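Inside the fold
The residues making up each chain are set out below.
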Amino acid sequence: MALAALVRTGGRAATTLGAADVEALAARGIQATNVMGTPTADKLTTLANQEATGELVVPVQKTFPLADAPAAMAAFGAGTRGKIVLTID
């Protein structure tokens, strides 16, 4: 979990990638969680509605056209603080 280096002692870190080494981070005084979800149509509809009204803000680091998917994957692999988006024109 690359961004864990930015978390101070006593802080918390969570990832949806299953990348948190919970024991190693605990040794540094950081509470870590690997978050797993079970999306349903209702949950996705709720999230879409929250995004549409501005209640939910999704940070986008960079947008790539679909033809540049390999570059998008490389950017994702390098670590991000926001989402990587592929667009279909």
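Heads up: these notes are all about the structure in this document. Note that residues are indexed from 1 along each chain, following the sequence as it is written. Per-residue local features of the predicted model are confined to residues with pLDDT of at least 70, and side-chain atom pairs are confined, for both listing and counting, to 80 or more; whole-chain, interface and lining totals are unaffected and use all residues. Working from all heavy atoms in the structure, the side-chain values ignore hydrogens and water.

Moving on to the pairing of strand 4 (residues 83-87). Should DSSP find at least two bridges between two strands, the strands are taken to pair. Here a strand is any run of E in DSSP of at least two residues, a helix any run of H or I of at least four, and the numbering for each starts at the N terminus. Two strands pair when backbone bridges link them, and strand 3 (residues 60-65) and strand 4 are joined in this way by five bridges, in the parallel orientation. Its bridge partner lying in strand 4, Val60 is registered against Lys83. Handedness of a crossover is defined as follows: with both strands directed away from the viewer, a clockwise route from the first strand across the helix to the second makes it right-handed. Once the chain exits strand 3 it traverses helix 3 (residues 69-77) before rejoining the sheet at strand 4, and the crossover so formed is right-handed.

Right, let's talk about the layout of surface pockets for a bit. Taken as a whole, the largest pocket encloses approximately 610 Å³ of empty space. Around the largest pocket sit 18 residues that line it, and Leu3, Thr15, Leu17, Phe76 and Thr80 are the ones nearest its centre. Only strand 1 (12-15), helix 3 and strand 4 provide two or more residues apiece to the lining of the largest pocket. Here the residues of the lining of the largest pocket sort into 10 nonpolar, six polar and two charged. In this analysis the probe radius is 1.4 Å and the grid spacing 1 Å, with only protein atoms considered; a cavity is a set of points the probe fits into but cannot get out of, a pocket is an open set with protein on both sides within 12 Å along at least five of seven lines, and lining residues have an atom within 4 Å of a point. Grid points are joined across faces, edges and corners, and a volume is the space filled by probe spheres set on the points. Side-chain classes are defined by residue name, with Ala, Val, Leu, Ile, Met, Phe, Trp, Tyr, Cys and Pro counting as nonpolar, Asp, Glu, Lys and Arg as charged, and the others, Gly among them, as polar.

Bringing a nonpolar patch on the surface into the picture now. The patches described consist of residues with a relative accessible area above 30% and no salt bridge, like charges being joined within 9 Å and nonpolar side chains (Val, Leu, Ile, Met, Phe, Trp, Tyr) within 5 Å. Here the open area of atoms and residues is found with the Shrake-Rupley method and a 1.4 Å probe, where only the protein chains shown may cover a residue. Criterion for a salt bridge: a side-chain nitrogen of Lys or Arg within 4 Å of a carboxyl oxygen of Asp or Glu. Taken together, the side chains of Leu17, Met73 and Phe76 define a hydrophobic patch exposed on the protein surface, amounting to about 350 Å² of accessible area. Structurally, Met73 is set in helix 3. For Met73, a relative accessible area of 57% corresponds to the exposed category. Partly exposed residues are those whose accessible area sits between 20% and 50% of the maximum for their type, while under 20% is buried and over 50% is exposed, using a 1.4 Å probe and protein chains only.

Here the focus is the nonpolar core. Joining through side-chain atoms within 4.5 Å is the link that ties buried Ala, Val, Leu, Ile, Met, Phe, Trp, Tyr and Cys residues into a set, and such a set is a nonpolar core. Counting residues in each nonpolar core, the largest one holds seven residues, listed as Ala4, Val7, Ala13, Ala20, Leu25, Ile30 and Ala32. Whether two residues touch is decided by their heavy atoms; if any such pair falls within 4.5 Å, the residues are in contact. Leaving out residues up to four positions away in the same chain, Val7 has contacts with Arg12, Ala13, Arg28 and Ile30.

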